[in-house]
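# Reading the structure
What follows is each chain in one-letter form.
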Amino acid sequence: MGKFAQTFLNWEVMAQYAPKILEGFWVTVQLALAVVIAGIATGLVLALARSFRVKALNLLIVAFVDVLRAVPPLVLIIILYFALPTVGVRMSGFVSTWLALSAILASFAEEIFWAGMLAVPHGQWEAARSTGLSFLQAMRFVVLPQAVRITIPPLTNRTIAITKGTALGAVVAVGEILYQAQSAYSFSYNPSPLTLGAVAYLILFIPVVWFGRWVETRFAWKR
Amino acid sequence: METLITAFFNLGILRETAPYLWAGFKMSALLTLVVVPLGIAGGLAVALIARTAFRPLRWLVVFYVDFFRAFPPLVLLMFIAFGLPFTGLDLPAFVSVALAFFLNTSSYYGEIFRAGIESIPRGQFEAARSTGLGAAQTMAYVIVPQATRNVIPDLISNTLEVVKLTSIASVVALPELLYAARQAQSITYNATPIIAAGIIYLVCLWPLVRLLSRFEHRQIALH
Amino acid sequence: MILDVAGLHKSFGDLEVLKGIDLKVAERELVFVIGPSGSGKSTLLRCCNRLEEPTSGSIRVEGVDIMAPGVDINAVRRRIGMVFQSFNLYPHLNALGNVTLALRKVLKKAKAEADDIGMRALVRVGLGDKAKAYPNELSGGQQQRVAIARALALEPSIMLFDEPTSALDPELVGGVLAVMRQMRESGMTMVVVSHEMRFARGAADRVVFMDQGRVLEEGPPEKIFNEPEHARIKEFIASLNG
């Protein structure tokens, strides 16, 4: 047990690298928030655009969504970071990770929002329009509030899963938790920083997972 | 356009690196064939244990599920691949990856099966028990088959995510598709292999994405 | 004339549902539309506020051609109240919220004023005490009365009812009909598509019988119910009573 603690819970090593991990913690938080905001906003815009039912536009949206659902996030990040520079497009690891994860979240969010809008019965549109609400007003005040409510549980779970992908940024040198833990590990040749990194992720994501559980029960839809 | 083709869709490079990519593809396929059934079996076990009458065991399972759902899979993988050797347990890369995937995916599959089992009305249990089936028989012959059918879209969706996730094995030098593509890129100084890997994922997984999108629309619409 | 429909045609693809309808509704009149299912009654109503786009023909509401290019259809619609068979209450808003949404967003009334008007509409349909209740907490009959209040609150010049009681359990029908009767007494112009023949006999000024996309016959209820010119109508009415 003493040896185990020496290896995985080495206080000296941990104390030394804790500030680095903390630094990484904030980078992870920033990256995650940026992904959530950009991803969900883009997804909503795409779903709204789709509701106008312009054929060519819808085809484009479906193609975008399908590609981003089929290609692994890490492959996307690596294409953005390692492949694009060969044609002169350069971006930092942070931007590549942010862009890849936001696009993926956007595609999932679009699908979820769109399915939610379809789930609102047609009679709701008719009732709203019959009282003189315009298309956009009916969308804004009648259809979207119901669609959002239906979509919140799946959207929350998907968002959590994708924000955990911020750890993939370590592969393209984003100074987030995993990257910091990994480099501390290779400097010290002791896995304690990895333990610390793991704890940092748990501190960040356990509450998020619980929040997801709460949302699932809270929004269980009753009609 | 010319530059784009030379940089991303270079047939000469593709021909040269195809054997690498093919070997990587086979490894990815093998990994998928190992981790998906393991994860499903683990998930089913998790869901069944979550229903035992013995409370501490139930809590343990909830803890297990939340713990591994909060952990980014890449963090888990690195912890296992880089940390475990310090305990004297030096697993081959493939085994480390399989272990990490088992812990991660069995939590997700477990949640899906749990929801499926909860969706079965009490009357089904009572009917089965009233005909003299034991608790285990009731589960095996009556509840689990129905539960599985109810959650097929979720199972497929999660499996899609697992297949995509196998790409993170490249980080611990398991020679799967993405790893092979990156090796090929560093040898040829050309991004074509990475783009090819992306396209291979797209071609293999796109049918699954289409299928799911159809399921999801129907599912939410029936909500 | 509040409503003046002339030569109205409507096709869905190859299927011609309305084959030239003429219908005039005067102020304070209650016109009852009956006919077998598939005769185009609902489509006729839904064309009157362009929830369905007519294929050809003209529709005038208070003298305004609502088919004219550039007409503000949303302004027209709020002058035409509509009550649906399936209520279509907004499940995410309470009763008062359902009634006041258009008041606030279409008529741009302040919240306090909209709430005041909404409350009065709810009181008129006998649900002043249910303002805070959500649709899933109300019975079908109560939901339909809230839907009526939602239309009434906009002070329409005409109300269209599309089978307002056919989704209700029998014991809940009376409450909705009572509200409709009271609206008629206060002088509301109404067009009602329904199978409630007893209500039609007692309250309608005129009954229109539709069959296969045309108006087969129209006249005062006594005539249509007791001595129609077409045997088809007699059969239909007998089948409802049977």
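Below or above, wherever it landed, is the structure these notes cover.

Each value, and the rule that gives it
Residues numbered from 1 in each chain as written. Chains lettered and ligands numbered in written order. Predicted model: local features only at pLDDT ≥ 70, side-chain atom pairs only at ≥ 80, totals over all residues. Heavy atoms only, no water. Phe/Tyr/Trp six-rings, centres within 6.5 Å; stacked < 30°, edge-to-face > 60°. Helix = DSSP H or I, 4+ residues; strand = E, 2+ residues; numbered from the N terminus. Contact = heavy atoms within 4.5 Å. Buried area = accessible area lost by both parts, 1.4 Å probe. Salt bridge = Lys/Arg side-chain N within 4 Å of Asp/Glu carboxyl O. Nonpolar A, V, L, I, M, F, W, Y, C, P; charged D, E, K, R; others polar. Axes fitted to C-alpha atoms, helices over the stretch in contact; angles between N-to-C directions. Left-handed = near helix turned anticlockwise from the far one by under 90°. Pairing = 2+ DSSP bridges. Polar contact = N/O pair within 3.5 Å; in protein donor to acceptor, adjacent residues only side chain to side chain. Core = buried A, V, L, I, M, F, W, Y, C linked by side-chain atoms within 4.5 Å. Buried < 20%, exposed > 50% of the residue type's maximum accessible area, 1.4 Å probe, protein only.

## Some points on the packing of aromatic side chains
Counted under the stated rule, the structure contains 18 aromatic pairs over all chains. Between the aromatic rings of Y81 of chain A and F82 of chain A, the centroid separation amounts to 4.9 Å while the plane-to-plane angle is 90°, which identifies the pairing as edge-to-face. Where F63 of chain B meets F67 of chain B, the ring centres are 5.6 Å apart and the plane angle is 35°; that geometry is what we call tilted. Of the two residues, F63 of chain B and F67 of chain B both sit in helix α3 (residues 55-70), 4 residues apart, roughly one turn of that helix.

## Re the interface of chain B and chain A
Facing the 53 residues of chain B at the interface are 53 residues of chain A. Carbon and sulfur atoms supply 71% of the area that chain B and chain A bury against each other, a total of about 4,600 Å² over both sides. Joining chain B to chain A, the criterion identifies 4 salt bridges. Elements supplying a minimum of two residues to the side of chain B that touches chain A: α1 (2-8), α3, α4 (73-83), α5 (93-118), α8 (152-165), α9 (177-188) and α10 (192-222) of chain B. When grouped by side-chain class, the residues that make up the side of chain B that touches chain A number 33 nonpolar, 11 polar and 9 charged.

## Topic: the packing of helix α2 (residues 11-51) of chain A against helix α9 (residues 192-218) of chain A
Residues and elements named next belong to chain A. Contact geometry for α2 and α9: axes closest at 9 Å, N-to-C directions at 40°. The handedness of the crossing between α2 and α9 comes out as right-handed. Listed contacts from α9 to V13, M14, Y17, A18, I21, F25, T28 and V29 of α2 are S192, P193, T195, L196, G197, A200, Y201 and L204. Split by residue class, the contact of α2 with α9 holds 12 nonpolar, 4 polar and no charged.

## Considerations on the sheet that holds strand β1 (residues 3-12) of chain C
Across a sheet, paired strands are connected by hydrogen bonds in the backbone, their directions being either parallel or antiparallel. Residue and element names in this part refer to chain C. Judged by pairing direction, the sheet is antiparallel, and its 4 strands sit side by side in the order β2-β1-β4-β5 without closing on themselves. The strands lining the two open edges of the sheet, one partner per strand, are β2 (15-25) and β5 (64-65). Sheet topology note: the β1/strand β4 (residues 56-61) ladder contains 5 bridges and is antiparallel. Paired with L3 across the bridge in β4 is V61. Running at roughly 115° to β1, helix α1 (residues 41-48) makes contact with β1, β2 and β4 of the sheet.

## Topic: the side chain of E52 of chain C
Residue and element names in this part refer to chain C. Tracing the backbone through its elements, the reader meets E52 in the loop between α1 and β4. Within the local environment of E52, its side chain forms a polar contact with the side chain of R46, the two groups lying 3.0 Å apart. If we skip the residues at most four places from it in the chain, E52 touches K10, F12, R46 and C47.

## Quick notes on the nonpolar core
In this structure, L178 of chain A together with V97 and I168 of chain B are the most contacted members of the largest nonpolar core, which totals 107 residues. Here this core gets 10 residues from one element, more than from any other, and that element is α9 of chain A. For V97 of chain B, the residues in contact, after removing those within four places along its chain, are L31, L77, A169, V172 and L174 of chain B. Ranked by size, the runner-up nonpolar core spans 102 residues in total, among them L3, C48, V192 and I233 of chain C.

## Observations regarding the interface of chain C and chain A
Taken together, the contact between chain C and chain A spans 22 residues of the former and 19 residues of the latter. Taking both sides of the interface into account, the surface hidden between chain C and chain A amounts to around 1,800 Å²; carbon and sulfur atoms contribute 59%. When the buried area of chain C at its contact with chain A is split by residue, Y90, H92 and K105 of chain C rank highest and sum to 28% of it. Where chain C meets chain A, there are 1 salt bridge. Note that R46 of chain C is salt-bridged to E126 of chain A, the shortest N-O span being 2.4 Å. When residues of the side of chain C that touches chain A are traced back to their parent elements, those giving at least two are α2 (73-77), β6 (80-83) and α3 (95-105) of chain C. Looking at the side of chain C that touches chain A residue by residue, the class counts come to 11 nonpolar, 5 polar and 6 charged.

## Examining the pairing of strand β3 (residues 30-34) of chain C
In regular strands, side chains alternate between the two faces of the sheet. All names here are of chain C. Among the 5 residues in β3, 5 count as buried, and that is most of the element. Here β3 shows no split at all, with L30, F32 and I34 on one side and V31 and V33 on the other all buried. In the sheet, β3 pairs with strand β8 (residues 190-193) via 4 bridges, with the strands oriented parallel. Following the sheet pairing, V31 is matched in β8 by V191.

## So, the pairing of strand β9 (residues 206-211) of chain C
Residue and element names in this part refer to chain C. Counting buried positions along β9 yields 6 of 6 residues, so the element is predominantly enclosed. Alternating residues of β9 divide into R206, V208 and M210 and V207, F209 and D211, and every residue in both groups is buried. Looking at chain direction, β3 and β9 are connected through 4 bridges and run parallel. Within the sheet, the bridge partner assigned to V31 lies in β9 and is R206. Across 5 bridges, the pairing between β9 and strand β10 (residues 214-219) is antiparallel. Counted as the bridge partner of V207 is G219 from β10. Between β9 and β10, which pair antiparallel one after the other, the connecting turn spans 2 residues, and Q212 there sits at a positive phi close to 50°.

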